[in-house]
Amino acid sequence: MSDSGPDIKYLFEPRSIAVIGASQSKDKIGHKILENILVSGYKGKVYPINPQGGEILGVKTCKSIDEIDGEIDLAAIAIPAKLVFETVKVCPRKKTKFLAVITSGFSEVGNLEEERKMVEFSRGNGMRVLGPNIFGIYSSVAPVNATFGPKDILAGNVAIITQSGALGIGMIGKTAVEKIGLSAMVSVGNKSDIDEADLLQYLVQDPGTRIIMMYIEGIKEGERFIEMVKQATIKKPVIVLKAGRSRRGAIAAASHTGSLAGSDAIFDAVMKQCGVMRAESMEDAFSWIKFLANAPAPKGENTVIITNGGGIGVMATDACEKYGVKLYDNQAVLNKIFKPVTPDFGSFKNPVDLTGQANSKLYNAALDAALNNENIDTVISLYCETAVFDAENLPEMIESSQKKYREKQKPLAFSIFGGKSTENALDILRQRGVHAFADVYEAVSSLGALYAHFHYLKNYSGSVDDAEIDVSAIESIIDHVRKDNRLFLLINEAQAVMRAANILAPRSAVAGSLDSAVKAAEGIGYPLVMKIVSKDIVHKSDVGGVALDLLNKGEVIDAYEAIIHNCRRFKPEAVIEGVEISEMVKPGLETIVGARRDSVFGPIIMFGSGGKYVEVMKDVSFRALPLNRRQILNMIEGIRSYPILLGVRGENRKDVDALVDAVIKLAAVIMKCRGISDIEVNPLIAYDQGQGVKAVDIRILLSKP
Ligand code: ACO
């Protein structure tokens, strides 16, 4: 949906709310919503609406919306589905801006028409629809809790958008237990109108929101979503928890790019590209939120582990490698900082091991030493329960050191492990809203999330690189193919597209007769490859439609006759355009590039290790377009076999610059030539540095008219 309509601010900061379906019955949703609004400290006007009138929870109730004196910013609707549209129709009379349709029973159960009508009417009358099928909205700035979830929401700086109602209500409970303060909690349900992108528009600029988390099941308007998410991540960390990892096959497997993509692989890649951190589990998501909501942004990457146990220190070191946290290793500086505060038998290497000898005094001294040294940016502090450590001082030590670190703008992640006294400490800290992790990996993965955002901001560039391609030449090829009632290009047409995009393809020609085959062969030179050209024969080599390594005129004549004979025998009714005669290309490293128009995210590009094992190896990476050179290089560097492109065991480095160029050109084709839905080059052969690339097998599909 477009972003026209009322200012989204009034959804989060409504000046007046009507609760349509407010009820005396305490167990009804309309009652709970009204009650939550009233107890949340909402200062605006509240209008319960119920045909019986009277008073509900001490508030005068209107029999209908017409009795309201004034305008409505937000109408929460909690009446049965069959009554909703009629009610929506009267809402414009009070200049209603937003409808929060709590009611279930719309598109989620197949009732698409009712939902469509409601949205169409609303948009046509200046209103926007949140939901239907939602639990409501909480916003700390109003403050207002217009949900039928728990009452005890702690105000804070975390905004959560959720597509699942039940999970969202669970998340409210979890945030209360974990003492995570919320700036907003919005249930989007069926997303008939308002979606994540609309809500991000408010949350990105909301000073009260420091971090945004979204639980997503599916994206409707991917291109708009990408645009808004990019705006969000340059200002604040965004975490996504997405269900539905295995929606493979949702994309027609017309090409490798399609079948390799699967919608989730694309989602994953696009989120990374936009600087969004994707959590695998609720536990990860909540750990990250808790940490990021309080931690200052790091100034640099020098991280030190301080521990009183060697084993846990090694685990943290492993975790740092896994989550991209860099350990500081200037030994001279480490000695200077930690020697005065570490027992002689300890270690000043990173991890700094204070040993089982450490008590809170020694620990505090080490933490202070790290805090006061400007070479150290971040500290991971680990504690294992020992009899020597004065555990009763643990909560105080953690709370005060976190405060000091925050004041000095240094992230500090604490992980503590042990028995009863440690559990007690964790409980005390949780009640005080102070965060410590029970597990080392959780601590480091949260720090990893902080650094993922740090790296994203450091490398961020909004620039885009473009290539000059001959769009009109490509469009006339497309016209010709359409006139021929085809949705795919024959090889000679595909090669012409490559030429128009300035991508080198093998010299070739299509011959419709033996004579012209011989003439073409003599013109191109030997060795040659010959292949059948027919839209009715897809797996050419399986039916004897391909001949390789032809060295002279005689071999070309034999091959031509054999290919035609084999293909006629295989499919007598096949329409044969001719035989392609093509230069036999020098071997090089086989890569694959695919560009396609994704139904959700728009134009996307794939790069990977190519050849016939591409679907087995699945060594590919994706990005949404447009991109700049640096981002394309980053995509190329992201495949597992990237070191092969750099040359292994004495091989030369391949022409990575030429690969980047080819990707930019194919990206330009898919973005500028809208008739094309899919391009795949496999293999795109990469030669040694300076020798370029060659597009060998090219497959181009057109979008349905
Ligand atoms: N204007 C105002 N009030 C009206 C109107 C109207 N046009 N029509 C009816 N009402 C009143 C009713 O008289 C009733 O009040 P009463 O108790 O005084 O009689 C009140 O509105 C509610 O109507 P009911 O018919 O009693 O409906 P009920 O409350 O049982 O259910 C509801 C309505 C909650 C919207 C239900 O249809 C529904 O959709 N429930 C599911 C909600 C849900 O789960 N949403 C997703 C949340 S996310 C998650 O999964 C947790």
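Here, every reference points to the structure presented above.
Note that the coordinates shown come from a computational prediction; the quantities given were computed from them, not determined experimentally.

A. The arrangement of the overall build of the chain in detail. Secondary structure summary: the chain contains 23 helices and 28 strands in total. Principal axes of the C-alpha set define a box for the chain whose edges measure 95 × 80 × 40 Å. Out of the 705 residues in the chain, the part that is buried amounts to 54%. Within the chain, contacts between residues at least 6 apart in sequence are counted, and of these 72% link residues at least 24 apart. Summed over all atoms, the accessible surface of the chain reaches about 29,900 Å², with 51% contributed by carbon and sulfur. A distance of 3 Å separates the average location of the 83 positive side-chain charges in the chain from that of its 85 negative side-chain charges.

B. How the structure looks around the side chain of serine 445. Mapped onto the elements, serine 445 comes out in helix H15 (residues 440–459). Once you skip the residues sitting within four places of it in the chain, serine 445 turns out to touch Asp284, Trp288 and Tyr323.

C. Layout of a nonpolar patch on the surface. A cluster of nonpolar side chains, contributed by Leu38, Val39 and Leu57, occupies part of the molecular surface with about 230 Å² of accessible area. In this structure, leucine 38 sits in helix H2 (residues 29–39). Residue leucine 38 is classed as partly exposed on the basis of its relative accessible area of 33%.

D. How the structure looks around the pattern of salt bridges. The tally for this structure, following the rule as stated, stands at 38 salt bridges. Note that aspartate 484 and arginine 486 form a salt bridge whose closest N and O atoms lie 2.7 Å from each other. Note on arginine 486: relative accessible area 4%, which makes it buried. A salt bridge links aspartate 697 to lysine 531; the nearest nitrogen and oxygen atoms lie 3.2 Å apart.

E. Structural detail: a negative patch on the surface. A surface patch of negative charge is lined by Asp549, Glu555, Asp558 and Glu561. Ranked by the residues each element gives to the negative patch, the list is headed by helix H19 (residues 553–570), at 3 residues. With respect to the helices, strands and loops of the structure, glutamate 561 is situated in helix H19.

F. Quick peek at the sheet that holds strand S16 (residues 352–353). Taken in spatial order, the 4 strands line up as S16-S15-S17-S18 in an open sheet, and their pairing is parallel. Every other strand in the sheet has two partners, leaving S16 and strand S18 (412–417) as the edge strands with one partner each. Pairing of strand S15 (residues 303–307) with S16, which is carried by 2 bridges, proceeds in the parallel orientation. Along S16, the bridge assignment pairs isoleucine 306 with valine 352. Of the strands in this sheet, strand S17 (378–384) and S18 touch helix H13 (residues 394–407), which is tilted by about 165° from S18.

G. Inspection of the state of the cysteines at higher detail. Evaluation of the coordinates by the stated rule reveals 0 disulfides. In this structure cysteine 320 is not part of a disulfide, and its nearest cysteine sulfur, from cysteine 384, lies 15 Å away. Taking relative accessible area as the criterion, cysteine 320 reaches 1% and is therefore assigned buried.

H. Examining the nonpolar core more closely. Counting residues in hydrophobic clusters, the biggest one holds 62 residues, and the most contacted among them are Leu11, Phe12, Ile37, Leu130 and Met214. The element contributing the most residues to this core is helix H6 (residues 196–205), with 6 residues. Ignoring sequence-local partners within four residues, the contact set of isoleucine 37 consists of Ile17, Val19, Tyr42, Val46, Val144, Asn145 and Ala146. One finds Val481, Leu489, Val593 and Ile698 within the second-largest nonpolar core, a separate group that totals 49 residues.

I. Geometry of the sheet that holds strand S5 (residues 74–77). In space, the 5 strands of this open sheet follow the order S2-S1-S5-S6-S7, with parallel pairing throughout. With one partner strand each, in any of the chains shown, strand S2 (45–49) and strand S7 (128–130) form the two edges of the open sheet. In this sheet, neighbouring strand axes are inclined to one another by 20° on average, regardless of whether the strands run parallel or antiparallel. The pairing of strand S6 (residues 98–101) with S7 spans 3 bridges and is classified as parallel. Looking at S7, one finds that alanine 100 is bridged to leucine 130.

J. Layout of the packing of aromatic side chains. With the rule as written, the count across this model stands at 9 aromatic pairs. The interplanar angle of 80° and the centroid separation of 6.2 Å between the aromatic rings of tyrosine 363 and phenylalanine 389 together place this pair among those described as edge-to-face. Taken together, the positions of tyrosine 363 in helix H12 (residues 360–371) and phenylalanine 389 in the loop between S17 and H13 put the pair 26 residues apart, joining distant regions of the chain. Three or more aromatic residues joined by ring pairs make a cluster, and in this case those are Tyr363, Tyr383 and Phe389. In this structure, arginine 486 is placed above the aromatic ring of phenylalanine 488, and the distance from its NZ or CZ to the ring centre is 5.9 Å.

K. Highlighting the pairing of strand S10 (residues 155–162). Sheet topology note: the S10/strand S11 (residues 182–187) ladder contains 6 bridges and is parallel. For valine 158, the partnering residue across the bridge sits in S11 and is leucine 182. In this fold, S10 hands off to helix H5 (residues 165–177), which returns the chain to S11; that crossover is right-handed. Of the pairings in the sheet, the one linking S10 to strand S12 (residues 211–216) comprises 5 bridges and is parallel in character. Across the sheet, the residue bridging to threonine 162 is tyrosine 215, located in S12.

L. Region of interest: the site of the ligand. Near the ligand you find 25 residues, and of these Ser23, Lys28, Asn50, Ile102 and Ser104 are the closest. Between isoleucine 102 and the ligand, the recorded distance is 3.0 Å, taken from a backbone N or O atom to a nitrogen atom. At 2.8 Å, a backbone N or O of serine 104 approaches an oxygen atom of the ligand. Considering the ligand on its own, with 1,000 Å² of exposed area, one finds that the protein chains cover 70% of that surface. Looking at the shell around the ligand, the elements that each hand over two or more residues are helix H3 (81–90) and H5. Here the residues of the shell around the ligand are counted per class, giving 14 nonpolar, 10 polar and 1 charged.

Calculation rules
Residues numbered from 1 in each chain as written. Predicted model: local features only at pLDDT ≥ 70, side-chain atom pairs only at ≥ 80, totals over all residues. Heavy atoms only, no water. Helix = DSSP H or I, 4+ residues; strand = E, 2+ residues; numbered from the N terminus. Buried < 20%, exposed > 50% of the residue type's maximum accessible area, 1.4 Å probe, protein only. Contact = heavy atoms within 4.5 Å. Areas by Shrake-Rupley, 256 points an atom, 1.4 Å probe, with all protein chains shown as cover. Lys, Arg positive; Asp, Glu negative; His and termini not counted. Charge placed at Lys NZ, Arg CZ, Asp CG, Glu CD. Patch = residues over 30% accessible without salt bridge, like charges linked within 9 Å, V, L, I, M, F, W, Y side chains within 5 Å. Salt bridge = Lys/Arg side-chain N within 4 Å of Asp/Glu carboxyl O. Pairing = 2+ DSSP bridges. Axes fitted to C-alpha atoms, helices over the stretch in contact; angles between N-to-C directions. Disulfide = S-S within 2.5 Å. Core = buried A, V, L, I, M, F, W, Y, C linked by side-chain atoms within 4.5 Å. Phe/Tyr/Trp six-rings, centres within 6.5 Å; stacked < 30°, edge-to-face > 60°. Lys NZ or Arg CZ within 6 Å of the ring centre and 35° of its normal. Right-handed = clockwise from strand over helix to strand, strands pointing away. Near = heavy atom within 4 Å. Polar contact = N/O pair within 3.5 Å; in protein donor to acceptor, adjacent residues only side chain to side chain. Nonpolar A, V, L, I, M, F, W, Y, C, P; charged D, E, K, R; others polar.

From the geometry alone we can't say anything about function, so treat these as descriptive.
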